[in-house]
Amino acid sequence: MRSPGTLLLLLLLPTALAFKPSDFKTCSQSGFCRRGRALAARAQESPSSWHSPYSIEPPEFLALAPRQQGFTTSVYSSIHPNVKFVLDVIIHEEGIVRVRMDEEDGLRKRYNEAAQWALIGEPKLSDDVLWTIDGEKAKAVYGPKKDMKLVVDFNPLKITLFRHGKEQVVLNGRGLLHMEHFRTKEDSKPLEHIEGEGQSVLQVNPAAWFEGDTQDAFWDETFSTWTDTKPKGPESLSLDITFPNHAHVYGIPQHATNLSLPSTTGPIARHTDPFRLYNADVFEYLSDSPTSLYGSIPLMHAHSANSTVAVFNALASETWIDIAHVEKGGVETHWISESGILDVFLLPGPTPTDVFAQYAHLTGTAPLPAHWSIGYHQCRWNYVSSDDIRGVQNRFDEEDFPVDVFWLDIEYAEDHRYFMWNKKTFPDPVEMTRDVEAVGRKMVVIVDPHLKRANDYPVYKRASELGVLVKPKSGEGEYEGWCWPGSSSWIDFFHPASWDFWISLFKTKTIDGQWSWTESTDNVGIWNDMNEPSVFNGPEITMPKDNVHYGGWEHRDVHNINGMLFANLTFQAAEARTDPPRRPFVLTRAFYAGSQRFGAMWTGDNLGTWEHMAVGIKMVLANGVGGMPFAGSDVGGFFGNPEPEMLVRWYVVGAFSPFFRAHAHIDTKRREPYLLEEPYKSLVRDILRLRYSMLPVWYTAFRETSESGVPILRPQYVMFPEDEAGFGIDDQYYIGSSGLLVKPVTQKGVMEVSMYIAEDQVYYDYFTNHAHRPQNRHITLPANLDQIPLLIRGGSIIPTRERPRRSSPLMKHDPFTLRIALDTSGNARGEVYLDDGETYGYGRGHVVWRGFGAESTKGKGKGQGIGMVRISSVDLAASTEVGAYDPMNEFARSVGDVRVEKLVVLGLGKKPLSVVLDGGRELEWEFTSEGVLVIKDPAVRVVDDWAVVVQSE
Amino acid sequence: MHPWLLLVFALPSLAALDKTYGVPPSLVSKYVPRTKGSHQTWTCLDGLKEIAWSAVNDDYCDCQDGSDEPGTSACPNNKFYCRNEGHIGAIIQSSRVNDGLCEQECCDGSDEPSGVCPNTCQEVGAEHRKKTEAERKLRKTGSKIRSSYIAYAHKEKKRLEALVADLVQEIETREKEVERLRDIAERAESLSAAELERKKQSPLYQSLLVHHTALKSLQKEHKKHLERENALGDILTSLRAGYNPNYQDMAVLEAVRGWEALAGLPHINDVRKGDDGEADTTAEKPKTEDDVEDEGLWNAAKIEKELDQLLKTDHVTLLLEHDQLVGPASAQSLLLDISAYIPDALLPSYHSFRDSVLSALSVFGIGRGGAFDTSAESNRARVALSDAEHSLKLTQDEQRTANEDLLDLFDPDGFGPEGEWKKLDGMCLSKDTGEYTYEVCLFDEARQIPNSGGSGFSLGKFSSWNKAARPGELEYYTRQHYTQGAKCWNGPHRSVELVLTCGTENTLLTVAELEKCEYQITGTTPALCRPLEDEHTKDEL
């Protein structure tokens, strides 16, 4: 949530540039990145003579059986002939190819556990592969249509995935693969000597043409005042991944940049540094930069009108990625990582939806969240007392603003010892929480990973006794760094003994006399911040890389996973508070591949500027590509005091994000929406109510993503993978499969926007019901401050609940409205998914999942429009195998009184003759001058099958 | 076909609601149907639409203004009336109707379908009456105290009026005296001016003037430096107290340590650890180090106290006295010198005699010339005049203040329309919150004082009443603003919003820093307890 070391200076010099580039490394300040880029530069200089020194010796390879899923073989390096490498190529289910390479019998072990934390399990092997070998290469043909082909070239080593004979992705095609082997400092001493002498002895090093002739930062590296001792020496990994036939690449969150990633090298480079993945607490980050931010997901989509493919490079260490869009149309990427084995998954596609499914197959999906957590969250650093919280809640209720969650930032905790209430300001934490819960709301309280080193702090004391704290480079004792509480230590969540301990802390009733958070309730959500980890006095505001974790791994090996483990354990802890478990809510700032399984993320400490508002949308889209859909940016911007216009627009951005939270820095003025003047106050009230009315849409979208992995916010290339003009668009998006298309305004003074439409279809203005047909593939909509560019795609049925309530649980029995937006052929479909929103009862079939359809039959006469429309509701749950599904399940019974109160039919064309409930009575209806048919209260239950027939002739 | 389909029409319906359900008594008369042929209709209250009478309270929103659904939640932004028999009827937002929660305001439970919420109006009513009674009592007691404040204001008024009257007279007398003395001084001056000019050419006098100017400049510079030093000290002290050691900014840490060494302060974090107090022992040291002084030289205290006095020395008088001391005795006239021969006991009366003679002489133009030191006389006259003028000014000031106080006394914008706040002028209230004590001296200044010692910060001076209300309204006096306090080292000037309610004591209840350096302090005072009979609807407590 906040700012590390630079805050103080910044405030003393308010005119200074906020982001301090000097706090963070550029590639040229990072030894292995320098080496990696130098390697690429050497290759570039001599394109004709350059070849990879890595090869496979064919004789070993002959044992491969045709039906085998893959093979393991030695790899030979011509520059280090005495070093042994081993390569592993396997084809898994879903056509996923996994390529692993490690040093064999080396001096030390490379970190090989990154995938283990990211994956939901060991992926199953494919049973449908046919290998053949010709002298130079091994080929595997697979896939249901046998259109996939994996080719492993032996010398030089190159791995290529083909679809329909077309190259999809190539590993080491540019010969930049390099795995620095372990060595002793002594071995390399003579060379170090040479380094000083200059060029004359260059020929002594036969590897120099490839590796260079210096030992650049092999054994230590100093950045600012910190020296990384690098006890293991050089161990970096360089790999080029090329997509010869795909012009766009997406993913590798988290960066504040365009969704379609721009070049970082080559003539059209937009950035000079590579994209960096190294979880970092960046103070006032830039709104257009390749610098690393709080989370890292090393997943990249490559996309063209013909196919989509992706790579998941399961690395946990600092990684830099150069991207070059090359003239002939493809994209060349170069991945440079500090440590770890090579462990790359190729996801074959061929559509974005397939890639999402394949990635979900590996790392899992975002589970269905607690329903309340998709409502509106009100946060501030800090609500200063329990009475403050009560006061804020009262104001929300007085103004009739819906809100589901109130948040407490770090100042609730005495001396920043998380869990420990400051009793002067929060004398009655449980009563306060209950007062919030009395209106169906929840509280989320922050628990950060740094523990104040104080023996009167039971959490630290117990962790210290258990010996589960991260160790300094000596490998002995406890690492000590500075964070909010002052001198702090960090639990090493890689240590299995920390797991039960952490889970025990969240129990709201004391068990076995162990300290636990009894001053809390089972409903409290948890906010995990600062888990990069943020260390104020550490290099790049994080832990020294030579710190030691469980198993002797260095922090450098596990850095990018560290934050995920913290959220993972907190999620488990919050879930284990009750028996049977209930869905917990955990918000994390740091994340990695797989973090989607443990809750929501937000884009960290953004600024209250239009640029940050705009890039926040792109970042949330990129996170969706990275498999982490439950995302949002702080509404209003964390830093600064947004003007009312900006705040209103930002509420729209928030209301159309999966995670919707307003937050503010301690130095800002209060900006709870009720403090706004009119008309802004009422505008925000309307936006909040709009979000709440659409919760059925959002929740249904969450259900879908929990199954499919397809993100909730869908950019153009995901919706229309063959429409090239849409591949670069990242300022408008569709919401799930609902058919809603929104383009939040992120600029000052805007009065209209133009939305890109990829198809010749009718789209309806959500608010005016006006039917638009795209002109030159665009629809222009008015977008004054009180207007939201929101369209319904023809062919969609949107379920909403239009009654304003104070919080989402209070909507449980409210009736539904269906907007039936007929497509150009007079048809539409949609769905709504409901469950209790709290338990895992949905796994036992305690759901209501309805499919809505509208089908038209043509009128009889020539040139006639629609003759009859039949609007119906069917049970979708019955047709899937959701546990032992029973339409009369407990949940369905509990919402048996819920009606569909209104049907709004768009696109009918002419006034109907009659509207009848199928098999029943005539219904009341109205046909407005805009051509909208409003059917009043058909008095049908949402849990039932029903049909309404609109007769036009 | 789904087996449930048979249930479709068995929906638990709200359609059976009474048409006036949720309608406030004032509107009940509007909820009557109009018979149109065989069916009954009803017109929305905004007159825009005619609907079937059966559509009223049928849980579907037909009217734009929501008036067809007074008893359900079907229309947004509607109001719902609960009768609350046995208690007082209440109006709630329609968003709270049928939401599964029993509203406190609707003790009759009418906001939810029957059977969901119990009717608690008996208990709630009793509780309410008890509470109202308690509030009434409090207000009664409070208003008694308040009336004593008003009485005080009236007494003050009388006192001030009497004072003003006295002062007017005094001013008159003093003005006359000033006139008289000015007359004398002007005459004496015209007599001596030329002579004085000649004497002023003395190199000694000229040098004295230069010294004077130099000393004055030096003092000015010295003061400037002292101010700068104080300001820097303040900055560094706030830095030391306010910096966050967690940020680990070495430059800041060095600045803090450097200041601590220079100012002889213990390291702040050692102090905060607190228990052992080890670090405090060094604190006194540096003071003694400066005590070594050069003999005869003024120390800081003397400079502070006496330099101003020295600079006020009247050089002209000095010049004349000097002249008398060094000039030839013979040049003195007998008349002027005669005092030497007069016995001490008679001296005062002689002097007054001589002065009047001299002034008489000068009035008649006699006694001019070297034998007679006119300059000294003129100077004395001038001093007397300026003394008299000063006294006059003081008296005038006193009168002005008294007049202003009088005006403020019953000014709705000042001490209230009844002067009820006058009594509290300057009264200091404080609240200990553990780490700090907050002190508000009403109509003066608010301060935050660390309990660990030190002088603390000004949180602002009284600047206004509640700007959101108008003077005279009770609401106006429920908030006081204290602004332009000490500047936060990384934020705005500190300020306080003092929120007051009626209570029998003048006391502070809570302190909260809702935004950085902006404090909200709550408290009570009898000054806000308006008498019960004074029940203007707007001014309800």
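The rules behind these values
- Numbering of residues starts from 1 in every chain and runs along the sequence as written.
- Ligands are numbered from 1 and chains lettered from A, in the order in which they are written.
- Totals for whole chains, interfaces and linings use every residue, but because this is a predicted model, local features are given only for residues with pLDDT of at least 70 and side-chain atom pairs only at 80 or more, for both listing and counting.
- No hydrogens and no water enter the side-chain calculation; it runs on all heavy atoms of the structure.
- Secondary structure follows DSSP: runs of H or I at least 4 residues long count as helices, runs of E at least 2 residues long count as strands, and numbering of each begins at the N terminus.
- Per-residue accessibility, obtained with a 1.4 Å probe over protein chains only, is compared with the maximum for each type, and a residue is labelled buried under 20%, exposed over 50%, and partly exposed between these values.
- Contacts between residues were defined by any pair of non-hydrogen atoms, one from each residue, lying within 4.5 Å.
- Only the protein chains shown count as covering a residue, and every accessible area follows the Shrake-Rupley method with a 1.4 Å probe.
- Two rings from Phe, Tyr or Trp (for Trp, the six-membered ring) form a pair when their centres sit within 6.5 Å of each other. Planes less than 30 degrees apart are called stacked, planes more than 60 degrees apart edge-to-face, and all others tilted.
- Every residue is assigned a pLDDT by the predictor, reflecting its confidence on a scale from 0 to 100.
- Axis geometry follows a simple rule: fit a line to the C-alpha atoms, using only the stretch in contact for helices, then measure angles between N-to-C directions, giving values from 0 to 180 degrees.
- Note on terminology: angles under 35 degrees are roughly parallel, angles over 145 are roughly antiparallel, angles of 65 to 115 are roughly perpendicular, and the others are oblique.
- Following the grouping adopted for this structure description, the nonpolar residues are Ala, Val, Leu, Ile, Met, Phe, Trp, Tyr, Cys and Pro, the charged ones are Asp, Glu, Lys and Arg, and the polar ones are all others, Gly among them.
- Strand pairing requires that DSSP identify at least two bridges connecting the strands.
- Definition used in this section: a nonpolar core is a set of buried Ala, Val, Leu, Ile, Met, Phe, Trp, Tyr and Cys residues joined via side-chain atoms within 4.5 Å.
- An automatic or database domain assignment is the source of the domain bounds shown.
- Take the number of residues in a helix, subtract one, and multiply by 1.5 Å to get its expected span.
- The term salt bridge refers to a pairing of a side-chain nitrogen on Lys or Arg with a carboxyl oxygen on Asp or Glu at a separation within 4 Å.
- Polar contacts here mean pairs of N or O atoms no more than 3.5 Å apart (in protein, one a potential hydrogen donor and the other a potential acceptor; neighbouring residues in sequence count only if both atoms are side-chain atoms).
- The term disulfide is used for any two cysteine sulfur atoms that are within 2.5 Å.
- What the arc covers is the set of directions going from the helix axis to the C-beta atoms.

### Focus: the overall build of chain A
If you tally the helices and strands in chain A, you get 17 helices and 49 strands. Out of the 953 residues belonging to chain A, those deemed buried represent 66%. Look at the contacts in chain A between residues 6 or more apart in sequence, and 71% of them connect residues 24 or more apart. Split by element, the accessible area of chain A, about 31700 Å² in all, is 50% carbon and sulfur.

### Points about the packing of aromatic side chains
Here a ring pair, both rings aromatic, is described through the centre-centre distance and the interplanar angle of the planes. Residues and elements named next belong to chain A. Applying the stated criterion to the full structure yields 68 aromatic pairs over all chains. Judged by centre distance (5.7 Å) and plane angle (50 degrees), the rings of Tyr376 and Tyr651 are tilted. Placement of the pair is Tyr376 in strand E21 (residues 376-378) and Tyr651 in helix H13 (residues 644-655), with a sequence separation of 275 residues. Comparing Tyr376 with Tyr651 shows no difference in burial state: the two are buried. Taking the centre distance of 4.9 Å and the plane angle of 80 degrees together, the rings of Phe630 and Phe702 count as edge-to-face.

### Brief notes about the confidence of the model for chain A
The predicted coordinates of low-pLDDT regions are not to be read in fine detail. In the predicted model, chain A carries a mean pLDDT of 93, and 95% of its residues have values of at least 70. Across residues 3-17 of chain A, where pLDDT falls below 50, the model places 37 contacts with residues more than four positions away in sequence or in other chains.

### Let's talk about the packing of helix H7 (residues 386-398) of chain A against helix H8 (residues 429-437) of chain A
All names here are of chain A. Put simply, H7 and H8 touch, their axes get as near as 10 Å, and they point 10 degrees apart. Taken together, H7 and H8 sit at an angle that is classed as roughly parallel. For the pair H7 and H8, contact is made by Ser386, Ile389, Arg390 and Gln393 and by Glu431, Met432, Asp435 and Val436, respectively. A class-by-class count of the residues in the contact of H7 with H8 yields three nonpolar, two polar and three charged.

### Remarks on the sheet that holds strand E3 (residues 84-91) of chain A
Residues and elements named next belong to chain A. Taken in spatial order, the eight strands make up an open sheet running E1-E2-E3-E4-E20-E17-E16-E14, and their pairing is antiparallel. The open sheet has two edge strands, strand E1 (54-56) and strand E14 (248-251), and neither has a second partner. Strand-to-strand twist in this sheet, taken as the mean axis angle between neighbours without regard to direction, amounts to 25 degrees. Strand direction decides the pairing type here: E14 and strand E16 (residues 299-303), joined by four bridges, are antiparallel. Looking across to E16, one finds that His248 is bridged to His303. Along the sheet face, helix H6 (residues 352-363) touches E16, strand E17 (308-313) and strand E20 (342-347) and points at about 25 degrees away from the line of E17.

### Remarks on the nonpolar core
Residue and element names in this part refer to chain A. Counting 218 residues, the largest nonpolar core has Tyr412, Phe419, Trp502 and Phe656 as its most contacted members. Looking at which domains feed residues into this core, each of domain 1 (371-448 + 501-530 + 554-709) and domain 2 (812-953) supplies at least three. Those residues in contact with Tyr412, other than ones at most four positions away along the chain, are Asn382, Tyr418, Phe419, Met420, Trp421, Asn422, Phe426, Val445, Ile446, Val447 and Trp517.

### Describing the environment of Glu752 of chain A
Residue and element names in this part refer to chain A. Take Glu752: it is sitting in strand E35 (residues 752-756). With 36 residues separating them in the primary sequence, Glu752 and Ile788 have C-alpha atoms 9.7 Å apart. Those residues within four positions of Glu752 in sequence are excluded, and the remaining contacts are Thr780, Leu781, Pro782 and Ala783.

### Here's the deal with helix H2 (residues 203-242) of chain B
Along its 40 residues, H2 of chain B runs 57 Å from first to last C-alpha, staying within 8% of the 58 Å computed at 1.5 Å per residue. Among the residues making up H2 of chain B, those that are buried are Tyr205, His212, Gln219, Gly233, Ser238, Leu239 and Arg240 of chain B.

### Concerning the pattern of salt bridges
Tallied over the entire structure, the rule returns 98 salt bridges over all chains. Via salt bridges that share partners, Asp228, Lys232, Glu235, Arg276, Glu318, Glu338, Glu540, Lys545, Glu554, Arg556 and Asp557 of chain A belong to a single interconnected network.

### Some remarks on the environment of Arg530 of chain B
If you trace the backbone, Arg530 of chain B turns up in the segment after strand E13 (518-525). Within the structure, the side chain of Arg530 of chain B is placed 3.2 Å from the backbone oxygen of Gly472 of chain B, a separation counted as a polar contact.

### Overview of the pairing of strand E11 (residues 495-502) of chain B
Residue and element names in this part refer to chain B. Most of E11 sits inside the fold, with six of its eight residues counted as buried. Bridging between strand E10 (residues 479-484) and E11 involves four bridges; their strand directions are antiparallel. Note on E11: the bridge partner recorded for Arg479 is Val499. In the sheet, E11 pairs with E13 via eight bridges, with the strands oriented parallel. Within the sheet, the bridge partner assigned to Ser495 lies in E13 and is Glu518.

### Overview of the state of the cysteines
Residue and element names in this part refer to chain A. What the rule picks out here adds up to nine disulfides over all chains. Sulfur-sulfur distance for the disulfide between Cys27 and Cys33 comes to 2.0 Å. Here the disulfide of Cys27 and Cys33 is left-handed, its torsion about the S-S bond being about -100 degrees. You'll find Cys27 and Cys33 in the same group, each marked buried.

### Things to note about the pairing of strand E12 (residues 507-515) of chain B
Consecutive side chains of a regular strand alternate in pointing toward one face of the sheet and then the other. Residue and element names in this part refer to chain B. Where E12 lies against E13, seven bridges are found, and the strand directions are antiparallel. If you follow Leu508 over to E13, its bridge partner there is Gly523. Taking the residues between adjacent antiparallel strands as the criterion, E12 and E13 are bridged by two residues, where Cys517 takes a positive phi near 65 degrees.

### So, H8 of chain A
Each turn of an α-helix holds 3.6 residues, which means side chains three or four residues apart point in the same direction. Residues and elements named next belong to chain A. Within H8 the residues assigned to the buried category are Pro429, Val430, Met432, Thr433, Val436 and Glu437. For H8, the buried positions fall inside an angular range of 160 degrees around the axis, keeping them on one side. Where the residues of H8 are buried, they touch H7, strand E22 (405-408) and strand E23 (442-446).

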